[in-house]
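A closer look at the structure
Given next are the chains, with one letter for each unit.
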Amino acid sequence: IVEAKCHLSPEDANKIVNIVREYRKSNLWDFAPTVRSCIMFGKAIKAKNGEISASNPFFREVGRDVLISQTMRSPLSPQWQKAEKSVDSLIKQYC
């Protein structure tokens, strides 16, 4: 779905799906991330012709923004910083 909706290579779509899937397992969210989060993440990167890589600061920023803003109620949540660290770690792991 992510590959088709975002016009990404299978490898790039898989990286995004793995990041979101593992973030979902972390339970650091108020609302579980869904395939919609994957699509938002992929489309944002594709729109800027961004590289799906842990070394790309734009990719890391979009990952944090999409996953955390879509899954948490408030930036004041005590889980927010843990979630940021988790997303950064998952990006490094899968990219």
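Along its length, the protein carries five helices and zero strands. A compact globule built from 95 residues should have a C-alpha radius of gyration of about 12 Å, and the protein, at 12 Å, falls within 12% of that. For the protein, the spread of C-alpha atoms along the three principal axes comes to 35 × 25 × 20 Å. Here the protein holds 95 residues, and the buried ones make up 39% of them. Restricting to contacts in the protein with at least 6 residues of sequence separation, those with at least 24 account for 62%. In the form shown here, the protein has an accessible surface area of approximately 5,600 Å², with 49% of it arising from carbon and sulfur atoms. Treating the 15 positive side-chain charges of the protein as one cloud and the 10 negative ones as another, the clouds have centres 4 Å apart.

Before going further, it helps to spend a moment on unusual backbone geometry. Positive phi values are uncommon outside glycine, yet asparagine 27 reaches one of about 60°. Taking the relative accessible area as the measure of exposure, asparagine 27 reaches 53% and is therefore exposed. For asparagine 49, which is not a glycine, the phi torsion comes out positive at approximately 50°. Topologically, asparagine 49 is positioned in the loop between helix H3 (35–47) and helix H4 (57–71). Overall, asparagine 49 belongs to the exposed group, its relative accessible area being 70%.

Before going further, it helps to spend a moment on the packing of helix H2 (residues 10–26) against H4. Relative orientation of the contacting elements H2 and H4 amounts to 40°, with a least axis distance of 12 Å. The angle between H2 and H4 falls in the class oblique. Both H2 and H4 take part in a crossing whose hand is right-handed. For the pair formed by H2 and H4, the contact residues are Ile16, Ile19, Val20 and Tyr23 on the first element and Phe59, Leu67, Ile68 and Thr71 on the second.

Turning our eyes to something else, we now look at the pattern of salt bridges. The full count for this structure, using the stated rule, is three salt bridges. The partner of lysine 25 in a salt bridge is glutamate 22, with the nearest N and O atoms 3.2 Å apart. Taken as a pair, lysine 25 and glutamate 22 lie in helix H2 at a separation of three residues, close to a single helical turn. Taking the relative accessible area as the measure of exposure, lysine 25 reaches 56% and is therefore exposed.

The next point concerns the packing of H2 against H3. Across the interface, H2 lies against H3 with an axial gap of 9 Å and an inter-helix angle of 135°. Classified by the angle their axes make, H2 and H3 are oblique. Crossing handedness for the pair H2 and H3: right-handed. On H3, the residues that touch Ile16, Val17, Ile19 and Val20 of H2 are Ser37, Cys38, Phe41 and Gly42.

Looking now at the side chain of threonine 71. By secondary structure assignment, the location of threonine 71 is in helix H4. At 2.5 Å, the side chain of threonine 71 and the backbone oxygen of leucine 67 are in polar contact. In this view, threonine 71 contacts Tyr23, Trp29, Asp30, Phe31, Ala32 and Pro33; residues no more than four positions away in its chain are not counted.

What counts, and where the lines are drawn
- Residues numbered from 1 in each chain as written.
- Predicted model: local features only at pLDDT ≥ 70, side-chain atom pairs only at ≥ 80, totals over all residues.
- Heavy atoms only, no water.
- Helix = DSSP H or I, 4+ residues; strand = E, 2+ residues; numbered from the N terminus.
- Rg over C-alpha atoms; globule rule 2.2 N^0.38 Å.
- Buried < 20%, exposed > 50% of the residue type's maximum accessible area, 1.4 Å probe, protein only.
- Contact = heavy atoms within 4.5 Å.
- Areas by Shrake-Rupley, 256 points an atom, 1.4 Å probe, with all protein chains shown as cover.
- Lys, Arg positive; Asp, Glu negative; His and termini not counted.
- Charge placed at Lys NZ, Arg CZ, Asp CG, Glu CD.
- Axes fitted to C-alpha atoms, helices over the stretch in contact; angles between N-to-C directions.
- Parallel < 35°, antiparallel > 145°, perpendicular 65-115°, else oblique.
- Left-handed = near helix turned anticlockwise from the far one by under 90°.
- Salt bridge = Lys/Arg side-chain N within 4 Å of Asp/Glu carboxyl O.
- Polar contact = N/O pair within 3.5 Å; in protein donor to acceptor, adjacent residues only side chain to side chain.

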